[in-house]
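Residues per chain are reported as follows:
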Amino acid sequence: MNKLSLYLEQRCISHRGFSRKIGTTPTHLSNLLRDKGMPGLRLAYAIEQKTGGVVKVYDWLSDEIKDQ
């Protein structure tokens, strides 16, 4: 379970409602929650803003990039 999944679950936030808040489709959000894709920079920033910084843009970077 990724950080965004935990955030939504702990706060009982619906996937459909959150997807509207960040400007994406429920299907795209579902894929992100299942680690089946990565958000673009704008979407990652929107997620950071709507989670109050709990889920940061940095969290979406690959481990290879984080290690540099």
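Residues numbered from 1 in each chain as written. Predicted model: local features only at pLDDT ≥ 70, side-chain atom pairs only at ≥ 80, totals over all residues. Heavy atoms only, no water.

Colleague: Quick one: what's the story with the side chain of Glu-48, residue by residue and with numbers?
Modeller: Summarising the element assignment, Glu-48 is placed in helix 4 (residues 41-50). Of the side chains with opposite charge, Lys-56 lies nearest to the buried Glu-48, which makes no salt bridge, at 5.1 Å. (Helix = DSSP H or I, 4+ residues; strand = E, 2+ residues; numbered from the N terminus. Buried < 20%, exposed > 50% of the residue type's maximum accessible area, 1.4 Å probe, protein only. Lys, Arg positive; Asp, Glu negative; His and termini not counted. Salt bridge = Lys/Arg side-chain N within 4 Å of Asp/Glu carboxyl O.)

Colleague: Pulling in residues and values, what's your account of the nonpolar core?
Modeller: Leu-4, Phe-18, Ile-22, Ile-47 and Trp-60 are the most contacted members of the largest nonpolar core, which totals 15 residues. Those elements that place two or more of their residues in this core are helix 1 (3-10), helix 2 (15-22), helix 3 (26-33) and helix 4. Tallying contributions element by element places helix 4 first for this core, with four residues. Residues in contact with Trp-60, not counting those within four places in the same chain, are Asn-2, Leu-4, Leu-32, Met-38, Pro-39, Ala-44, Ile-47 and Val-55. (Core = buried A, V, L, I, M, F, W, Y, C linked by side-chain atoms within 4.5 Å. Contact = heavy atoms within 4.5 Å.)

Colleague: How would you sum up unusual backbone geometry? Please name residues and give values.
Modeller: Located in the positive-phi region is Cys-12, a residue other than glycine, with phi close to 55°. Structurally, Cys-12 can be placed in the loop between helix 1 and helix 2.

Colleague: Talk me through the pattern of salt bridges; I want residue IDs and the actual numbers.
Modeller: Evaluated as defined, the whole model comprises one salt bridge. Measuring nitrogen to oxygen at the nearest pair gives 3.3 Å for the salt bridge that ties Lys-3 to Asp-59. Within this pair, whereas Lys-3 is found in helix 1, its partner Asp-59 is found in the loop between helix 4 and helix 5 (63-66), the two being separated by 56 residues in sequence. Take Lys-3: its relative accessible area is 41%, and that puts it in the partly exposed class.

Colleague: Pulling in residues and values, what's your account of the environment of Ala-44?
Modeller: Mapped onto the fold, Ala-44 is located in helix 4. The sequence separation of Ala-44 and Leu-33 amounts to eleven residues, and the corresponding C-alpha distance is 13 Å. Beyond its immediate sequence surroundings of up to four residues, Ala-44 is in contact with Pro-39, Val-57 and Trp-60.

Colleague: Pulling in residues and values, what's your account of helix 1?
Modeller: Listing the buried residues of helix 1 in full gives Leu-4, Ser-5, Tyr-7 and Leu-8. Along helix 1, the residues classed as buried sweep out an arc of 160° about the axis, all on the same side. The exposed residues of helix 1 that point more than 90 degrees off its buried face are Glu-9 and Gln-10. The elements touched by buried residues of helix 1 are helix 2, helix 3 and helix 4. The N-capping residue of helix 1, defined by a side-chain oxygen 3.2 Å from the backbone nitrogen of Leu-4, is Asn-2. Looking one or two places after helix 1, you find Cys-12, whose phi comes out positive at around 55°. (Arc of directions from axis to C-beta. Polar contact = N/O pair within 3.5 Å; in protein donor to acceptor, adjacent residues only side chain to side chain.)

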